[in-house]
Amino acid sequence: MKNIRFYTLLALLLMMGGTMKAQQWEIDYGDSFSYTSLYQGIINTDGDAIVMGVWGEDKNHYRPMTMRVDMEGNYDIHAIEDEQFNMLRPSDILQLENGNYFMVGIKDNTLIAIVFDSDFNVIHVKAYEKPENALSIWEGRMLDDNGTVIFCGYYSCQSATGQSRKPYFYRFDENADTLSCRFVTAELPHPEASIKEFNCFQLLKNPKSEGIIVLCSGLNNMCSLLMYDDDFNYVDGFNLQPAFRQYFENAYSNHWLSDDKLLIMGYMWPYEELTEWNIGLAEVSLDGTFGRCERVYYKQDTAVKAPPKCMGYVNDTTIYGLTYNFKSVFSGPYYAGVFLFDKDMEVLGKREFYEPEYENHVPSPGFIIPLPDGGCLFNAEVSTLFLGDYTYGKLIKMRREDFNPIPCSVKEVPQEAIKVYPNPTNGIVTIDGLEVAEVKVYNILGQLVKETKENVIDLSAQEAGTYILKVITPSGVVTKQIIKN
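Procedures and definitions
Residues numbered from 1 in each chain as written. Predicted model: local features only at pLDDT ≥ 70, side-chain atom pairs only at ≥ 80, totals over all residues. Heavy atoms only, no water. Helix = DSSP H or I, 4+ residues; strand = E, 2+ residues; numbered from the N terminus. Buried < 20%, exposed > 50% of the residue type's maximum accessible area, 1.4 Å probe, protein only. Contact = heavy atoms within 4.5 Å. Areas by Shrake-Rupley, 256 points an atom, 1.4 Å probe, with all protein chains shown as cover. Salt bridge = Lys/Arg side-chain N within 4 Å of Asp/Glu carboxyl O. Pairing = 2+ DSSP bridges. Axes fitted to C-alpha atoms, helices over the stretch in contact; angles between N-to-C directions. Phe/Tyr/Trp six-rings, centres within 6.5 Å; stacked < 30°, edge-to-face > 60°. Lys NZ or Arg CZ within 6 Å of the ring centre and 35° of its normal.

A. Broad picture of the overall build of the chain. Each helix and strand counted, the chain has 0 helices and 40 strands in total. Looking at the chain as a whole, 56% of its 485 residues are labelled buried. For the chain, long-range pairs separated by at least 24 residues make up 51% of all intrachain contacts whose partners lie at least 6 apart in sequence. Surface summary for the chain: the accessible area is close to 20,100 Å², and the carbon and sulfur share equals 50%.

Encoded structure:
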């Protein structure tokens, strides 16, 4: 095993609003190898970031690697040189209760589980070949479950409805020995049979009962939330479709609003006024119902998508989201973007990395990690050629104040502080009383129908009915109900 120690501290990046602020640090891990790509990251029990990916000569010759990064920007690279791991693509990593690390990856249709000690020396390696009913197997996500490890990936299979991708599950002990597994091809009318192109974005424990929750592409080829019991039997599921013509294409969450409600982030498609993907937040209950759903991050004439691990929760007023923006889904270029929001789905700041040194012509795996000091750590992959052999990247740490120098928890302003008139209205509405920073207008379905930074709003194009105005001011937020005749 190769250990390489670097100490990096970079500063002074141009932030939003035309002011200069100090970004805490940035690591260019492309200095180490010709080809590097990082896929996932966690925070260990010591408060250090552990990230994993691959290293090698090019995209056709690589092996797994891990990095341990402390909060000051000091880091070790642990690059596996053993040839048995050639072309092993790691999928996920987590830390066990005993302090060891558990990594899962795929090589030649074989699932490989590796257990490392706290210094990333290999302790156990176990290989699990695909079963006969699987045409191929692919990567997925892991979950630490009371001393055991659950892994969910997908396999290609042939069924009565044709070839499709279905979920498979493993439960491992801390030595990577199999406790149970499941490869089942359900047939109609069973609901699970409608899973055509499964891909696991995230696993979660169900806080209301035993079992697990899977955020995935699933039912009817749509982004879905599926529920399984502890024996991996299918329990229930629903599509992440909060309203007509609005649905998520991928989703992630690391924050429960309550025991039965998730705050999810992902990219959505479509909206009538845009022709590209954009970022949405939503409250999703485990019974399949939606609360608020907001399109919170978008750029006109530019697609904005989110990587699989796109959300990092610190506290109710500090949540980070990772995106990448691009003009063409076929050739990019792709640029990383990070935004700061709170649990009320209010965007408090953002930073987009359009500088040439961050340009990427290959879609980035992408992840963002909330840090113990209240900041975030994320990766920005870089490549010089579309589908080129050479990719490297940067790990970037940002502080909350790099997005917004003023702590900004959203507070409700007294209703009487704002006057909205006339109400009812035939079209033109005026807002008086406080300085207006932004106004969002929602219909009774909770859909955002208009937003402006002006205090005069034209609702002439909207249908008659009841609307909710969210008026954002420097003092906080006021919500008003208005009737359109």
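B. Quick look at the pattern of salt bridges. Counted by the stated rule, this structure contains 19 salt bridges. Lys-397 is paired through a salt bridge with Asp-373; the nearest N and O atoms lie 2.4 Å apart. In this pair, Lys-397 is assigned in strand β33 (residues 391-398) and Asp-373 in the loop between β31 (368-370) and β32 (376-383), connecting sequence segments 24 residues apart. Judged by its relative accessible area of 0%, Lys-397 falls in the buried class. On the accessibility criterion, Asp-373 (46% relative accessible area) is partly exposed.

C. The arrangement of the sheet that holds strand β10 (residues 101-107) in detail. The strand order across the open sheet built from 4 strands is β9-β10-β11-β12, with neighbouring strands paired in antiparallel fashion. At either margin of the open sheet sits one strand with a lone partner, and together these are β9 (89-95) and β12 (122-129). With direction set aside, neighbouring strand axes in the sheet form an average angle of 15°. Relative to β12, strand β11 (residues 110-116) is paired through 7 bridges, and the arrangement is antiparallel. The partner of Thr-110 across the bridge, within β12, is Glu-129.

D. Structural context of the sheet that holds strand β34 (residues 419-421). If you walk across this open sheet you meet the 3 strands as β34-β35-β38, and the pairing is antiparallel. Either end of the sheet is taken by a strand with one partner, and the two such strands are β34 and β38 (456-458). The average angle at which neighbouring strand axes cross in this sheet is 20°, direction not considered. Examined bridge by bridge, β34 and strand β35 (residues 428-432) share 3 bridges and lie antiparallel to one another. Note that in β35 the partner of Val-420 across the bridge is Ile-431.

E. Molecular detail of the packing of aromatic side chains. Tallying each qualifying case throughout the model produces 27 aromatic pairs. Geometrically, the ring pair formed by Tyr-128 and Tyr-170 is tilted, given 5.5 Å between the ring centres and 45° between the ring planes. Separated by 42 residues along the polypeptide, Tyr-128 in strand β12 and Tyr-170 in strand β15 (residues 162-172) bring together distant segments of the chain. Aromatic side chains Phe-169 and Phe-232 sit 5.0 Å apart centroid to centroid with 10° between the ring planes, which places their arrangement in the stacked category. Of this pair, Phe-169 sits in strand β15 while Phe-232 sits in the loop between β19 (223-228) and β20 (234-239), and the two are 63 residues apart along the sequence. For the pair Phe-169 and Phe-232, one class covers both residues: buried. By the ring-pair criterion, three or more aromatic residues cluster together here, those being Phe-102, Tyr-128, Phe-151, Tyr-155, Tyr-168, Tyr-170, Phe-172 and Phe-183. Over the aromatic face of Tyr-39 sits the side chain of Arg-89, whose NZ or CZ is 4.5 Å from the ring centroid. The ring of Tyr-154 has Arg-165 sitting right over it, with the charged end atom 4.1 Å from the ring centre.

Nothing here speaks to function; it is geometry throughout.
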